[in-house]
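Single-letter residue listing:
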Amino acid sequence: MAVSVSVLMGVAGLAIANAGPAAAAVPVVSAVAPTAGPLVGGTSVTITGTSLSGATEVDFGATAATDLVVSATSITATSPAHAAGTVDVTVVTPGGTSATDPNDEFVYAPIPAVTVVSPSAGPLAGGTDVTITGTGFTGATKVKFGTTDATGLIVSATSITATSPAHAAGTVDVT
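Small disclaimer: the values here were computed from a predicted structure and weren't measured. (Residues numbered from 1 in each chain as written. Predicted model: local features only at pLDDT ≥ 70, side-chain atom pairs only at ≥ 80, totals over all residues. Heavy atoms only, no water.)

1. A few points about the overall build of the protein
- When its secondary structure is counted, the protein shows 0 helices and 18 strands.
- Split into buried and exposed, the 175 residues of the protein put 26% on the buried side.
- The contacts in the protein between residues at least 6 apart in sequence include a share of 49% that link residues at least 24 apart.
- In the structure as shown, the protein presents an accessible area of about 9,900 Å², 62% of it carried by carbon and sulfur atoms. (Helix = DSSP H or I, 4+ residues; strand = E, 2+ residues; numbered from the N terminus. Buried < 20%, exposed > 50% of the residue type's maximum accessible area, 1.4 Å probe, protein only. Contact = heavy atoms within 4.5 Å. Areas by Shrake-Rupley, 256 points an atom, 1.4 Å probe, with all protein chains shown as cover.)

2. Here we look at the sheet that holds strand E8 (residues 66-70)
- Read from one edge to the other, the open sheet built from 4 strands follows the order E3-E5-E9-E8, with strand pairing classed as antiparallel. Pairing within the sheet leaves two strands with one partner each, and these edge strands are strand E3 (28-33) and E8. Mean inter-strand twist for the sheet, computed between neighbouring axes without regard to direction, equals 20°.
- Taken together, the 5 bridges between E3 and strand E5 (residues 44-50) define a ladder with antiparallel strand orientation. Bridging across to E5, valine 32 finds its partner in isoleucine 47. (Pairing = 2+ DSSP bridges. Axes fitted to C-alpha atoms, helices over the stretch in contact; angles between N-to-C directions.)

3. Overview of the sheet that holds strand E13 (residues 113-118)
- Pairing is antiparallel in the open sheet, where 4 strands are placed in the order E13-E14-E18-E17. The open sheet has two edge strands, E13 and strand E17 (151-155), and neither has a second partner. For this sheet, the mean angle separating the axes of adjacent strands, direction not counted, is 20°.
- Pairing geometry for E17 and strand E18 (residues 159-163), over 3 bridges, is antiparallel.

4. Focus: the side chain of aspartate 59
- Of note, aspartate 59 is situated in strand E6 (residues 57-60).
- Here aspartate 59 occupies a buried position and makes no salt bridge, while the nearest side chain of opposite charge, lysine 142, is found at 32 Å.
- Once residues within four sequence positions are removed from consideration, aspartate 59 is found in contact with Ala64, Asp88, Val89, Thr90 and Val92. (Lys, Arg positive; Asp, Glu negative; His and termini not counted. Salt bridge = Lys/Arg side-chain N within 4 Å of Asp/Glu carboxyl O.)

Structure, rendered in structure tokens:
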């Protein structure tokens, strides 16, 4: 893009410059929400920041997102499928591509799978420490017994210890 500059001598010898059209600002991503989603993609992600108008592409790592809805300070995009791990979300506008930093990170994680719940029964009053074994638990923030949240979570990639909530008699799914 060529920029023309002309200098004219004005009243009292002052220089007046005309720099031509202003260059578009480089976009800045300040946050993404949510910050994680499944490997298959399909998560609606809101990207906030500045100078986002005119975005032509949003990339999750090296893969372009779809379904962009763009404004000056936010973009809604659908995450593409990706391998497990953390990627930077970048925005491309006529002003350039946003720089990467920790505020633009999105984590692709496998969908959790429960394989064993031990013990498999407890009192109606709850309060039983239950070990849930499976895969994809890293970053888990909630465990439900039926529709009720467990408490006291201790989480690793393949195991969660949770305290069962009070519940009526019967069998419930642990998710």
